[in-house]
Amino acid sequence: MVVSADRLASEAGLDILKKGGSAVDAAVAVGFVLAVVFPEAGNIGGGGFMLIRKKGGEAVVIDFRERAPGASRRTMYVDSAGNVTDKTLIGHLAAGVPGTVAGLLKALHDYGTMSARDVLRPAVELSKNGFVVDRRLERSLESCKSDMSGFPSTMSIFTRNGTLLKEGDTLRQPDLAATLSRIQEKGVEGFYKGETARLIAEEMHRGGGIMTLKDLEDYQAIVREPVRGSYRGYEIVSAPLPSSGGLCVLEILNIMEGYDLASMGWHSSGSVHLMAESMRRVYADRAEFMGDPRYVEVPVSALISKHYAGERRREIDPARAADSTSVRHGSPQGNEGRHTTHYCTVDASGTIVSTTYTLNDLFGCKVVVGGSGFLLNDEMDDFSAKPGVPNAYGLIGGDANAIAPGKRPLSSMTPTIVLKDSRPFLALGARGGSKIITAVVQAISNVIDFGMGPQEAVDAPRFHHQWMPDTLVYEKFCFPRDVIQNLEQKGHRLNESDGPLGELEAIAFDSSQGWIYGAPDSREGGVALGY
Ligand code: DON
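A few points on the structure. Every chain's residues receive numbers from 1 upward, in the order its sequence appears when written. Owing to the predicted nature of the model, reporting of local features is limited to residues with pLDDT of at least 70; listing and counting of side-chain atom pairs is limited to 80 or more, with chain, interface and lining totals taken over all residues. Side-chain measures here rest on the full set of heavy atoms in the structure, leaving out hydrogens and waters.

**Quick notes on the site of the ligand**
What counts is decided by this rule: We call a residue near a molecule or strand when any one of its heavy atoms sits within 4 Å of it. Whenever a nitrogen or oxygen atom comes within 3.5 Å of another N or O atom, the pair is scored as a polar contact, on the condition that within protein one atom can donate a hydrogen and the other can accept it, and that pairs from neighbouring residues in sequence are kept only if both atoms are in side chains. Throughout, the Shrake-Rupley method with a 1.4 Å probe supplies accessible areas, and for residues the shown protein chains are the sole cover considered. The helix count covers DSSP runs of H or I at least four residues long, the strand count covers runs of E at least two residues long, and both are numbered beginning at the N terminus. Gly is put with the polar residues, along with every residue not named as nonpolar or charged; the nonpolar set is Ala, Val, Leu, Ile, Met, Phe, Trp, Tyr, Cys and Pro, and the charged set is Asp, Glu, Lys and Arg. Here the bounds of each domain stem from an automatic or database domain assignment.
Contacts to the ligand come from 16 residues, most closely from His-339, Thr-340, Glu-379, Asp-382 and Arg-431. In the model, an oxygen atom of the ligand is placed 3.0 Å from a nitrogen or oxygen of the Arg-65 side chain. Take Glu-379: an N or O atom from its side chain is 2.6 Å from a nitrogen atom of the ligand. Relative to its unbound accessible surface of 350 Å², the ligand loses 98% to contact with the protein. Contributing elements (two or more residues each) for the shell around the ligand: strand E11 (339-346) and strand E12 (352-360). Within the shell around the ligand, the residues separate by chemical class into 3 nonpolar, 8 polar and 5 charged. Composition of the shell around the ligand by domain shows at least three residues from each of domain 1 (2-131 + 170-223 + 344-379) and domain 2 (227-338 + 413-529).

**Details of the pairing of strand E14 (residues 423-431)**
Quick reminder of the rule: Throughout this description, buried means an accessible area under 20% of the type-specific maximum (1.4 Å probe, protein chains only), exposed means over 50%, and partly exposed covers the range between. Here a strand pair is declared whenever DSSP counts at least two bridges between the two strands.
In terms of burial, E14 is a largely internal element, 8 of the 9 residues being buried. Relative to E14, strand E13 (residues 416-420) is paired through 5 bridges, and the arrangement is antiparallel. If you follow Val-418 over to E14, its bridge partner there is Leu-426. Here E13 folds back onto E14 in antiparallel fashion, the turn holding 2 residues, of which Asp-421 has a positive phi close to 50°. Where E14 and strand E18 (residues 503-510) come together, 6 bridges link them in antiparallel fashion.

**Some thoughts on the environment of Met-204**
Within the secondary structure, Met-204 is located in helix H10 (residues 194-207). Its relative accessible area of 2% is what places Met-204 among the buried residues. Between the C-alpha atoms of Met-204 and Ser-149, which are 55 residues apart in sequence, the distance is 18 Å.

**As for the nonpolar core**
How we decide: Each nonpolar core is a collection of buried residues, namely Ala, Val, Leu, Ile, Met, Phe, Trp, Tyr and Cys, held together in the definition by side-chain atoms within 4.5 Å.
Core analysis: the biggest nonpolar cluster contains 88 residues, and Met-290, Leu-428, Ile-444, Phe-463 and Phe-479 have the highest contact counts within it. Tallying contributions element by element places helix H14 (residues 269-289) first for this core, with 10 residues. A domain split of this core shows at least three residues from each of domain 1 (2-131 + 170-223 + 344-379) and domain 2 (227-338 + 413-529). In terms of nonpolar packing, the next biggest core, distinct from the first, is built from 82 residues, Ala-9, Val-97, Val-119 and Met-204 among them.

**Quick word on the sheet that holds strand E1 (residues 2-4)**
Our working definition: Each axis is a line fitted through C-alpha atoms, taken for helices only over the stretch in contact, and angles between the N-to-C directions span 0 to 180 degrees. Contact definition: two residues touch when any of their heavy atoms are within 4.5 Å.
The 7 strands lie next to each other as E8-E3-E2-E12-E11-E1-E20, forming an open sheet whose pairing is antiparallel. Every interior strand has two partners, whereas the edge strands, strand E8 (222-224) and strand E20 (527-529), have only one. Between one strand axis and the next, the sheet turns by 15° as a mean value, whatever way the strands run. Bridge count between strand E2 (residues 47-53) and E12: 7 bridges; the pairing is antiparallel. Each residue of the ladder has a partner; that of Leu-51, found in E12, is Ser-354. The sheet strands contacting helix H2 (residues 23-37) are E1, E2, E11 and E12, and the helix crosses E11 at an angle near 150°. Strands in contact with helix H3 (residues 100-111) are E2, strand E3 (59-64), E8, E11 and E12; relative to E3, the strand with the most contacts, it is inclined by about 150°.

See the structure below:
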């Protein structure tokens, strides 16, 4: 089974599985195909996290998060008036050193079975032969038109005779095909050294960026232990730092576990209130404690302990919403130091792969590396550019997530696998920046607390609270009028969101019957294919 945001990508993954490739081979192929057919988020110029679980239970996370270039400085985005500029988001300075190629090829080398040549073939063919632009890409391009217009290398790919590509046009990407072919032939060196690296360095020079050949050469994906916890008897395996995703999901679920949400009812004002209050406190902890573990000591086991959740729960008033300005991070005591995409693959041997990767915003920093055909990320915006100043997702932070050379910015990406009695139950993850975490929490709770089927759990309307701003945001049709009124009476500030709150892709397992169910998010038009 393959579930991704794009039909061509799911087809490529399925084809690999049918040819006897593993879930890891398929995941790597899907990653490269999305870089061609879903340029909004699919990428080779960004980064992410891949969670792999083998049938025997061994699980690892490949961390291929971008790194701050060696010449980055803590206050590099603060102007002389003390304001944070938009250079965290648009243009060459916004880009972190890309991790995707190192990460996908590390996964393939250590855990896959096929050659780079074979898994990259569908991506190379699609970039050479082209694919038909759909409405989604047309709309995404339209929405980024003005930001992209300053970058001729980007406009030359996404326009014809000066007009943006439209639904029905064919997009061929010969430069990208050449870059992918270099990766096919030379592996990681086809990206981080030689011609591709030279093109990136030249692009940086042209556009006033700071990424160097040495930054590229030094980049390495890291194999990490996933974080593990439990929720009402189910085991949760998820992404570790430098993603906050796994920690936050576990912390929120640990607090929620103390409440009988099922008897309160799905989206009753009582259950929504308690879930929102749990979320509020965890995002306060995220802002204070979390960052790249190579640079900061994070009290991981204390934060995800049931004991600490109990302490945070005691602060929650079941009748009243807290005011975020008076909610602070907790005191975990321990013994130790806007555009993204998620996809899942599973093979016949039972290996499961759950991957989230991103350029951050739609089309990243909007810069295509001239002559190479791929977009760079704007992941530097995930750092805290200045303490207390929100980033594009409204997230604030301080020292733990301050910029430093070589550091990885804190992420919310949450590729997750849920197990029941050590057997696979659910693989899932989402896009949506800070909303990824709460989307994953709600899908898990929808299934475990409220007995929904996987597709229902993914599609059900969602809400979100992230401490600051102090707003309970909800999707259209999420709450009936009287629930909204009850929540307002408890003191919540509610706001209906313009668009979807994250987009999930999931695979569910009925281990007793041997069935596997694909559950793509209908918000995104995701596609599940199996055989
Ligand atoms: O790593 C992060 O948390 C963000 N860069 C993810 C951005 C994202 O999900 C945008 N998608 N809508």
